[in-house]
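# Observations on the model geometry
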Amino acid sequence: MANGQWYPPEWPDRIRALADGSLTPVAPKRAATVMLLKDASTGPAVHMLRRRSSMAFAGGAYAYPGGGVDPRDEQPIRWAGPTRAWWAQRLGVEQATAQAIVCAAVRETYEEAGVLLAGPTADSVVGDTTGDGWERDRAALVARDVSFAEFLDRRGLALRSDLLGAWTRWITPEFEPRRYDTWFFVAALPEGQRTRNASTEADRTVWIRPTDAAASYDKGELLMMPPTIATLRQLTPYDSAAQALAAAPARNLTPVLAQARLEDGEIVLAWPGHDEFTKHIPTGGTGTPT
């Protein structure tokens, strides 16, 4: 493989099964992920984690903190920033769903990176979130012993939805057994907070410039899924986290969904608008995608 594109060996067989009707697509689960940025002397860096090689989905691949929406993310919650109605319009979903997606983005960032986009007032953010008390609360969230709404209420904090910028939306291909409808957000690391590897699914975390990460992917040194490398490339023009956040409201959130078609005796797998990920798969066997 010339680059670091994640490509499961079972995809060709699953694509054929989808084409002949023997595979029924599973419904995608809603999910959210956050590209957490911080400014450095050479430009903004993004926080990434490497999924453990033992993970069934994208093991060994670099990604951002994130995960699935918890049904309790729709619970009434202390909220600051743009309204649920505003977010519903921005994300193209109902208000309850919009809240759940935004809540999942903030919750998962705290669960996996230890960074909390919340504050005691509408214009403040918590500082240091390390320490035994914070860790007990984070562990309770991960274990689903408490909802995010209960956690914030107990701490007297409000979710700061204004600290997030909706960036893009990707849906896992129909032939995948694990499917996610994922909204990607950008956010800046709050002053006084620091990231750490708090995820049981990751064995390494890094702060890396998007240009450096993309270059390592191109060399085959870093393994990534198409949405990850695509969003990294989209971040490269910005000189600061603030610039990226300012660009977010104009971003197109039309979902990107891979398409597979039969053409000239081979399967062509393509992601609309992202030609670099196109794969040509021989139809006579698993073959080697090109």
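Our subject is the structure listed above.
Let me sum up the structure you'll find in this document. (Residues numbered from 1 in each chain as written. Predicted model: local features only at pLDDT ≥ 70, side-chain atom pairs only at ≥ 80, totals over all residues. Heavy atoms only, no water.)

### Some remarks on the overall build of the protein
On a plain count of helices and strands, the protein comes out with 8 helices and 14 strands. The C-alpha radius of gyration of the protein comes to 19 Å, within 12% of the 19 Å expected for a compact globule of 290 residues. Taken over the C-alpha atoms alone, the protein extends approximately 60 × 40 × 35 Å along its principal axes. Long-range pairs, those at least 24 residues apart, make up 69% of the contacts in the protein with a sequence separation of at least 6. Of the roughly 12700 Å² of accessible surface on the protein, 48% is carried by carbon and sulfur atoms. Counting 31 positive and 35 negative side-chain charges, the protein places the centres of these two groups 3 Å from one another. (Helix = DSSP H or I, 4+ residues; strand = E, 2+ residues; numbered from the N terminus. Rg over C-alpha atoms; globule rule 2.2 N^0.38 Å. Contact = heavy atoms within 4.5 Å. Areas by Shrake-Rupley, 256 points an atom, 1.4 Å probe, with all protein chains shown as cover. Lys, Arg positive; Asp, Glu negative; His and termini not counted. Charge placed at Lys NZ, Arg CZ, Asp CG, Glu CD.)

### Some thoughts on the packing of aromatic side chains
Per the stated rule, a full pass over the model turns up 10 aromatic pairs. Considering the side-chain rings of Tyr110 and Trp134, the 6.3 Å spacing of their centres and the 75° angle between planes classify their relative orientation as edge-to-face. Placement of the pair is Tyr110 in helix α3 (residues 95-113) and Trp134 in helix α4 (residues 132-142), with a sequence separation of 24 residues. Ring centres of Trp271 and Phe277 lie 6.1 Å apart, and the angle between their planes is 80°; on these two criteria the pair is classed as edge-to-face. Here Trp271 and Phe277 have matching classes, each one buried. (Phe/Tyr/Trp six-rings, centres within 6.5 Å; stacked < 30°, edge-to-face > 60°. Buried < 20%, exposed > 50% of the residue type's maximum accessible area, 1.4 Å probe, protein only.)

### As for the nonpolar core
With 39 residues, the main nonpolar core has Trp87, Leu91, Leu116, Phe148, Leu159, Leu164 and Phe185 as its most contacted residues. At the level of elements, β1 (29-40), α2 (84-91), α3, α4, α5 (148-155) and β9 (180-188) are the ones that each hand at least two residues to this core. It is α3 that contributes the most residues to this core, 9 residues altogether. Counting 37 residues, the second largest nonpolar core, distinct from the first, contains Met48, Trp170, Ala213 and Leu235. (Core = buried A, V, L, I, M, F, W, Y, C linked by side-chain atoms within 4.5 Å.)

### Describing the pairing of strand β14 (residues 274-282)
Across 5 bridges, the pairing between strand β13 (residues 266-271) and β14 is antiparallel. Within the sheet, the bridge partner assigned to Leu269 lies in β14 and is Lys279. The turn linking β13 back onto β14 is made up of 2 residues, and Gly273 within it adopts a positive phi angle of 85°. (Pairing = 2+ DSSP bridges.)

### Structural notes on unusual backbone geometry
Despite not being glycine, Arg144 has its phi angle at roughly 65°, a positive value. Relative to the elements of secondary structure, Arg144 occurs in the loop between α4 and α5.

### Quick look at the environment of Ala98
In this fold, Ala98 is placed in helix α3. The class for Ala98 is buried, based on a relative accessible area of 0%. When residues no more than four places from it in sequence are discounted, the contact partners of Ala98 are Arg84, Trp87, Ala88, Leu91 and Val93.

### What about the sheet that holds strand β5 (residues 79-80)?
With mixed pairing, the 3 strands of this open sheet are ordered in space as β5-β7-β6. Every other strand in the sheet has two partners, leaving β5 and β6 (118-119) as the edge strands with one partner each. Of the strand pairs in this sheet, β6 and strand β7 (residues 158-160) are connected by 2 bridges, and their pairing is antiparallel. Bridged to Gly119 within β7 is Ala158.

### Quick word on α4
For α4, the set of buried residues is Trp134, Asp137, Arg138, Ala140 and Leu141. Projected down its long axis, α4 carries its buried residues within an arc of 160°, all on one side. In α4, those exposed residues whose orientation departs by more than 90 degrees from the buried face are Asp132 and Arg136. Where α4 is buried, its residues touch α3 and α5. Arg144 lies just past α4 and shows a positive phi near 65°. (Arc of directions from axis to C-beta.)

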